[in-house]
Amino acid sequence: MLSLERLSKTFQTAADRVVAIRETDLHLEEGDFLTIIGSNGAGKSTLLNLIAGSYPPTSGRIVLRGVDLTGIPAHRRARRIGRIVQDPLAGTAPSMTVAENLALAMKRGRRSLRLALPRRLRRRFREQLTALNVGLEDRLRCRVDLLSGGERQALAVLMATLVPPEVLLLDEHTAALDPSNAAMIVRLTRSFVERLNLTTLMVTHNMEQAIDVGTRLIMMHKGEIIEELHGVEKSQATVPQLVDLFSQHHVVDDELLLERVV
Ligand SMILES: Nc1ncnc2c1ncn2[C@@H]1O[C@H](COP(=O)(O)OP(=O)(O)OP(=O)(O)O)[C@@H](O)[C@H]1O
Ligand SMILES: [Mg+2]
């Protein structure tokens, strides 16, 4: 359903030229849940940014359900692609209320809908927030910047899936949270992805999480996919095995940010 075809991205700055993604092919089937690990600067975020349309690739194509997305701007892709990043404020409108943010999320890139909130919609939002089980149902009128990081990221998960996206992109969306909130967000993410059968790409530095969550795992280094695991190979993998695989590709521990593995 999603194909990256010989995708490359080179960043040219005044100082140097960085090949962030190098002639990468990747194909995801409907409902695939891909976890992505890799060294610092491996190109993980660039890969997700290219899919989201934050910038165009230097070469190659991105095809979603037969439609070439490559020339389509990010705001139009946002109707089809949901995204959550590390900073819980980035995915929400901080000065607006929880209810207003949910109303915005319902529009998913479409401009016409008014923001007025009929009582029926407010009731529906309350039910959906109750299901998150983090106490947000009583805070519909609360400004998002007054919520805790964990609460905001829980809201971001609901917002990204309120209108189910065709592809969900998660870029270290638990990395800024303490372990218990991170676990809560992983639990929520899994339940939404499984219930809605969302095709998902999740970047994480936490190797246990990468093994535990999802159906496929890729390792990236220097702009390339260097290994892929799926099926029992993935579910029965261990962190030392992954570290060993990395070392076979001459990736050193420092680059893997292993201190963030819990
Ligand atoms: N907008 C940009 N301009 C110039 N160089 C960039 C830009 N974005 C990324 N890069 C470079 O491209 C490479 C890949 O960066 P990317 O952010 O994709 O890495 P990453 O795998 O997400 O790393 P991390 O684990 O640190 O988040 C890095 O060398 C980075 O410095
Ligand atoms: Mg990154």
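Conventions we followed
Residues numbered from 1 in each chain as written. Chains lettered and ligands numbered in written order. Predicted model: local features only at pLDDT ≥ 70, side-chain atom pairs only at ≥ 80, totals over all residues. Heavy atoms only, no water. Domains from an automatic or database assignment. Contact = heavy atoms within 4.5 Å. Buried area = accessible area lost by both parts, 1.4 Å probe. Salt bridge = Lys/Arg side-chain N within 4 Å of Asp/Glu carboxyl O. Near = heavy atom within 4 Å. Polar contact = N/O pair within 3.5 Å; in protein donor to acceptor, adjacent residues only side chain to side chain. Areas by Shrake-Rupley, 256 points an atom, 1.4 Å probe, with all protein chains shown as cover. Helix = DSSP H or I, 4+ residues; strand = E, 2+ residues; numbered from the N terminus. Nonpolar A, V, L, I, M, F, W, Y, C, P; charged D, E, K, R; others polar. Pairing = 2+ DSSP bridges. Axes fitted to C-alpha atoms, helices over the stretch in contact; angles between N-to-C directions.

Caption draft 1: Molecular detail of the domain arrangement of the chain. In terms of domain boundaries, the chain breaks down into domain 1 (1-10 + 17-44 + 54-72) and domain 2 (75-202). Between the C-alpha centres of domain 1 and domain 2 there is a distance of 24 Å. On the domain 2 side, the residues contacting the 21 residues of domain 1 number 14 residues. Both sides together, the interface formed by domain 1 and domain 2 hides about 1,600 Å², and carbon and sulfur atoms give 60% of it. Applying the counting rule to domain 1 against domain 2 returns one salt bridge.

Caption draft 2: Geometry of the site of ligand 1. Of all residues adjacent to ligand 1, which total 14 residues, the nearest are N40, G41, K44, T46 and H205. Interatomic distance of 2.3 Å between a side-chain N/O atom of N40 and an oxygen atom of ligand 1. For ligand 1, the protein covers 64% of the area, taking 630 Å² as the surface of the free molecule. Residue assignment for the shell around ligand 1 shows that the elements contributing at least two residues are β2 (17-28) and α1 (44-52). Of all the elements, α1 adds the most residues to the shell around ligand 1, at three residues. By residue class, the composition of the shell around ligand 1 is four nonpolar, eight polar and two charged.

Caption draft 3: Expanded view of the sheet that holds strand β1 (residues 2-12). Across the sheet, four strands lie side by side as β2-β1-β4-β5; this open sheet has antiparallel pairing. On the outer flanks of this sheet lie β2 and β5 (67-68), each paired with one strand and no other. Direction of pairing for β1 relative to β2: antiparallel, over a ladder of eight bridges. Note that in β2 the partner of S3 across the bridge is H27. Across the face of the sheet, α1 comes into contact with β1, β2 and β4 (59-64) while running at roughly 115° to β1.

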